[in-house]
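This is what each chain is made of:
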Amino acid sequence: MLKQRLSALLLALLLLAAAAFPSAAETKPTAEDALQDTARYLHALVAEPTVSSLGGDWTVLGLARSGLPVERAYYDGYLARAAAYIAEKKGVLHQRKYTEYSRVVLVLTALGQDPRSVGGYDVLSPLFSFDAVSRQGITGAAFALLALDSGGYEAPEGLRQQYVDHLLEQELEGGGFALSGVVADPDVTAMVLQSLAPYAAQETVAQAAERAFARLSALQQSSGGFASYGVECSESAAQVILALDAWGLPFDDPRFVKNGHTVTEALLSFWRQGQGFVHTAQPDQSIAIVSCEQGLLALAALHRRQEGRGSLYAMTEVCARFPELSGHPARQAVEELTALGVISGMGDGTFRPDAPLDRAAFCTMAVKLLGLTPRWTDRFDDVAQSSWYGGYLCAAAEAGVTQGVSAGQFAPLRQVTREEGVVMLYRTARAMGLVSEQQDGEARSWAESLAWCREAGLWLWSEDADGTLILLRGEAAQLLWALAQMRKA
């Protein structure tokens, strides 16, 4: 009897444990899990990307817009191959498919490159021919708008409106769009919505969008997904996510929750760990690269929203500032700090990430990151009130970021060593409230500041790096951006 009771008790404990700790198979994957995994998969699969509608441009675009760390050589390799390909084609990517130009423009823009000069050719201006682009139909006009607006590029007057009007003319009765026929297709409807988002202020566009989203809502299935040509597929879910992203709508908008399932859940149901996305959920369905690339784009959009950044195709912050940062490790940090108004570059359209940083520039960035107001106090004999940095340096001293190099001396144009940079970084973190009382002290030596920065993950160099080397502008941006991320967390 005792043995039976013990067995029953053991069984009950096992059942409780199983309920408390569900198996991996029962644990729902997250969008972040899928993003990281799919990015790794495509990065390895498309090891040498070039101009291509599959296994090339879209992979590079998804990786670039995700913000995930990708080595500089990967993007540089793509740019070199793309330039060679465009030069070989003498700038003519296709005689009829002008989406070839739009796709390349989108990728070059994401990488901070000027599409008006690549391989010696201009791949943006072909999109200025409305007649040629519109001959491809609805996709030609939609992607032309996405490309032109991605970088806010100048175009012939009235051209954008021609494309907008052309798309609106294709609207089906009851809302929505299709490549042909009278039945709205979720992929095409979502694609058109993405391209029309920048024109939401136009009443005709807003009304057409409302009808299109209503049509998409009606087309959504009980799984949360969408069927194209009668089959539920991952690409349709991905495109709807991108449409919601472009219009700034919640990904769990009540109109797009069916039977308790969101379109994000539907997309993740097609993800296979270590393999990317399948096209459909049918048995023995093989991985399709187009599914993986579209899945990556949608996941990148989800990730950007979570990070508080702009939508996938809104890239003006990339192309309008520092093209030389393409593929550079400091690129994301510089982009984000520029958007926050912390960085403004060198005044000539460059940032020069690998140039030495001076003390005035570091303290100015720190003061802007702290949100302090520049304030002149006549504190330093070698800082003129008329200098662009005077008020920032005085504010930095008041905030405890620096005390200068000696009594009354700041040495504003002296290059910052890593030793000085780490100490000022620690003090900036302290001013941001990121240092606990137990970690703090009246003064921090190089060694103590270094220990704190390493513990906080604020270190870019090898373990044997000493404090004598000069801090570079890109390195300072990366470290200050890391502080901004810590504060946000």
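Residues numbered from 1 in each chain as written. Predicted model: local features only at pLDDT ≥ 70, side-chain atom pairs only at ≥ 80, totals over all residues. Heavy atoms only, no water.

Asker: Before we move on, could you go through the overall build of the protein and cite the residues and values that matter?
Answerer: Looking only at helices and strands, one finds 20 helices and 6 strands in the protein. Burial status across the protein gives 50% buried among its 489 residues. Contacts in the protein between residues at least 24 apart in sequence constitute 68% of all its contacts with a sequence separation of at least 6. Only carbon and sulfur atoms are counted for the fraction: they give 53% of the accessible area of the protein, which is about 22,300 Å². (Helix = DSSP H or I, 4+ residues; strand = E, 2+ residues; numbered from the N terminus. Buried < 20%, exposed > 50% of the residue type's maximum accessible area, 1.4 Å probe, protein only. Contact = heavy atoms within 4.5 Å. Areas by Shrake-Rupley, 256 points an atom, 1.4 Å probe, with all protein chains shown as cover.)

Asker: Explain the confidence of the model for the protein residue by residue, including any values.
Answerer: The predicted model of the protein has a mean per-residue pLDDT of 86, with 88% of residues at 70 or higher. Below a pLDDT of 50 lies the segment residues 1-25, which in the model reaches 1 contact outside its immediate sequence neighbourhood of four places, other chains included. (pLDDT = per-residue confidence, 0-100.)

Asker: Can you break down the packing of helix 9 (residues 186-196) against helix 10 (residues 203-219) residue by residue, with the values?
Answerer: Helix-helix packing is characterised by the crossing angle of the two axes and by the distance between the axes. Interhelical geometry of helix 9 versus helix 10 gives an angle of 150° and a closest axis separation of 10 Å. When the axis of helix 9 is compared with that of helix 10, the two are roughly antiparallel. Note on packing geometry: the crossing formed by helix 9 with helix 10 is left-handed. Contact with helix 9, carried on its side by Pro186, Thr189, Leu193 and Leu196, involves Val205, Ala209, Ala212, Phe213, Leu216 and Leu219 of helix 10 and no other residues of that element. Each residue belonging to the contact of helix 9 with helix 10 can be placed in one class, and the counts come to 9 nonpolar, 1 polar and no charged. (Axes fitted to C-alpha atoms, helices over the stretch in contact; angles between N-to-C directions. Parallel < 35°, antiparallel > 145°, perpendicular 65-115°, else oblique. Left-handed = near helix turned anticlockwise from the far one by under 90°. Nonpolar A, V, L, I, M, F, W, Y, C, P; charged D, E, K, R; others polar.)

Asker: Explain the nonpolar core to me, using residue names and the numbers behind them.
Answerer: In this structure, Leu61, Leu106, Val123, Tyr163 and Tyr313 are the most contacted members of the largest nonpolar core, which totals 94 residues. Here this core takes 9 residues from helix 7 (residues 138-150), the largest share from any one element. When residues no more than four places from it in sequence are discounted, the contact partners of Val123 are Ile86, Leu93, Tyr101, Val104, Val105, Leu108, Pro115 and Val118. If you look at the next biggest cluster of nonpolar residues, it comprises 52 residues, including Ala330, Val383, Ala429 and Ala484. (Core = buried A, V, L, I, M, F, W, Y, C linked by side-chain atoms within 4.5 Å.)

Asker: Lay out the pattern of salt bridges with the relevant residues and their values.
Answerer: Counted under the stated rule, the structure contains 13 salt bridges. One salt bridge connects Arg103 with Glu100, and the closest N-O pair in it is separated by 3.0 Å. One end of the pair is Arg103 and the other is Glu100, both in helix 5 (residues 99-110) and 3 residues apart, which spans about a single turn. With relative accessibility at 5%, the residue Arg103 sits in the buried group. (Salt bridge = Lys/Arg side-chain N within 4 Å of Asp/Glu carboxyl O.)

Asker: Which residues make up the packing of helix 5 against helix 7, and what values do they have?
Answerer: At a minimum axis separation of 9 Å, helix 5 and helix 7 run at an interaxial angle of 25°. Here helix 5 lies roughly parallel to helix 7, going by the angle between them. Considering the relative orientation of helix 5 and helix 7, their crossing is left-handed. Here helix 5 contributes Thr99, Ser102, Val105, Leu106 and Thr109 to the contact with helix 7, which in turn contributes Thr139, Gly140, Phe143, Ala144, Leu146, Ala147 and Ser150. Residue composition of the contact of helix 5 with helix 7, grouped by class: 6 nonpolar, 6 polar and no charged.

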